[in-house]
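Single-letter residue listing:
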Amino acid sequence: MNSNSSWPRHIWWILGIASLVTLGLWLRPSAWFIPQWDAILIGAAFIAFLVNFPIPVGQVQINFAHAISFTLGVALGPGAAGLSILIGHVIGETYHGIRDNYRSEKPLDLWREIKSWTLSLSRQLLSISGGFAVFLLLKGSPLVITKQPPSILSATGLGITFTLLFIALHWLDHLLFDSSKALASEFRIPLVVTFVPVPF
C-alpha cells in the first residue's frame, strides 16, 4: 500500500496531537492564560451538554460548543477557551458513549468512538486556535486585559478564520472517513452554524 492511500488512516491522531500541542502553547503565561477555573469549568459543563445535542449533517454530527469557547476566548483568552473545550468534550463524549452503549444492542466499537471523539475535538480546538491566532495578530486582546470590546477588524478576523478552518476540517473528516462523497450542499448548515453564535 502506498503512502497516498495509507496516510488518511493516520490523520485522526495527527490532528489530535496537533490540537493538544496547540492548546499547550496557549496555556503559557506569555499567551495571556489566566486560570479562572470557575469560568472554565462552567464553560466545560455547557460544552459537555452541547456535545450531547449535536445537529446531524449528512453522516457527521456538529454542535454549538464553539459558542461557549468563542465567548470564553474573547473574555479570558484562548487558553481558557481551549481548556473548556478539552474538559467539556471529555465529559460529554464519555457520557455520550456510555449512553449509546447502554441503549444499543451492538457492542461498543471503542476504537471508532476514539477516532470520532478525536476528530470532533480537533475540529473545535484547531479552529478556535487558528481564529484566536489571527485575532491576536490583528491587535485583539481578551476583555479581562483591555476591559474593552475587541475591534471590528480583530473580531472579523477571528470569525472568518474560525469558520474557514471549521468547514475545512469538517470537509476533511467527511471526505476521509465517510463512504459517501462529500457534497457541497451538506456544508451549508455547518457554515451557518459557525457564523450564528459569534458573540460580537
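Before any of the text, the structure's been laid out above.
Residues numbered from 1 in each chain as written. Predicted model: local features only at pLDDT ≥ 70, side-chain atom pairs only at ≥ 80, totals over all residues. Heavy atoms only, no water.

Participant: Which residues make up the overall build of the protein, and what values do they have?
Facilitator: Helix and strand counts for the protein stand at 9 helices and 2 strands. Residue burial in the protein is summarised as follows: out of 200 residues, 44% are buried. Long-range pairs, those at least 24 residues apart, make up 77% of the contacts in the protein between residues at least 6 apart in sequence. Per element, the accessible surface of the protein, about 10,800 Å² overall, is 69% carbon and sulfur. (Helix = DSSP H or I, 4+ residues; strand = E, 2+ residues; numbered from the N terminus. Buried < 20%, exposed > 50% of the residue type's maximum accessible area, 1.4 Å probe, protein only. Contact = heavy atoms within 4.5 Å. Areas by Shrake-Rupley, 256 points an atom, 1.4 Å probe, with all protein chains shown as cover.)

Participant: Talk me through the packing of helix 3 (residues 37-51) against helix 5 (residues 78-103); I want residue IDs and the actual numbers.
Facilitator: Where helix 3 meets helix 5, the axes come as close as 7 Å, and the angle between the chain directions of the two elements is 45°. As judged from the angle between their axes, helix 3 and helix 5 are oblique. Both helix 3 and helix 5 take part in a crossing whose hand is right-handed. On helix 5, the residues touching Trp-37, Ala-39, Ile-40, Leu-41, Gly-43, Ala-44, Ile-47, Ala-48 and Val-51 of helix 3 are Ala-80, Leu-83, Ser-84, Ile-85, Ile-87, Gly-88, His-89, Ile-91, Gly-92 and Glu-93. (Axes fitted to C-alpha atoms, helices over the stretch in contact; angles between N-to-C directions. Parallel < 35°, antiparallel > 145°, perpendicular 65-115°, else oblique. Left-handed = near helix turned anticlockwise from the far one by under 90°.)

Participant: Give me helix 4 (residues 65-76): which residues, what numbers.
Facilitator: Compared with an ideal rise of 1.5 Å per residue, which puts 12 residues at 16 Å, helix 4 spans 17 Å between its outermost C-alpha atoms and is within 8% of the ideal. Extensive coverage of helix 4 is indicated by the burial of 9 of its 12 residues. Every buried residue of helix 4 is accounted for by Ala-65, His-66, Ala-67, Ser-69, Phe-70, Leu-72, Gly-73, Val-74 and Leu-76. With its phi angle positive at about 110°, Gly-77 sits one or two positions after the end of helix 4. (Expected span 1.5 Å × (residues − 1).)

Participant: Give me the lowdown on unusual backbone geometry, citing residues and values where you can.
Facilitator: For Lys-139, which is not glycine, the phi torsion reads 70° and is therefore positive. Note on placement: Lys-139 falls in the loop between helix 6 (110-137) and helix 7 (143-146).

Participant: Outline the packing of aromatic side chains, supporting the account with residue identities and numerical values.
Facilitator: Summed over all chains, the structure comprises 4 aromatic pairs. Centroid distance Phe-49 to Phe-53: 4.8 Å. Interplanar angle 40°. Geometry classified as tilted. Pairwise contacts between aromatic rings join Phe-70, Phe-162 and Phe-166 into one cluster. (Phe/Tyr/Trp six-rings, centres within 6.5 Å; stacked < 30°, edge-to-face > 60°.)

Participant: Please give an account of the nonpolar core that cites residues and values.
Facilitator: Counting residues in each nonpolar core, the largest one holds 17 residues, and the members touching the most others are Ile-47, Phe-70, Ile-85, Ile-128, Phe-132, Leu-158 and Phe-162. Listing elements by their share of this core, those giving two or more residues are helix 3, helix 4, helix 6 and helix 8 (152-177). Looking at this core element by element, the count peaks at 5 residues for helix 6. Ignoring any residue separated from it by four or fewer positions in sequence, one finds Ile-47 in contact with Ala-65, Ile-68, Ser-84, Ile-85, Gly-88 and His-89. (Core = buried A, V, L, I, M, F, W, Y, C linked by side-chain atoms within 4.5 Å.)

Participant: How would you explain the side chain of Ser-141 if you had to name every residue and give the values?
Facilitator: One can find Ser-141 in the loop between helix 6 and helix 7. With relative accessibility at 16%, the residue Ser-141 sits in the buried group. Those residues in contact with Ser-141, other than ones at most four positions away along the chain, are Trp-32, Val-74, Phe-135 and Thr-146.

Participant: Hey, could you go over the environment of Thr-118 for me, with residue numbers and the actual values?
Facilitator: Positionally, Thr-118 belongs in helix 6. Residues Thr-118 and Trp-12, 106 residues apart in the sequence, show an inter-C-alpha distance of 6.6 Å. Residue contacts for Thr-118: discarding those within four places in its chain leaves Trp-12 and Gly-16.

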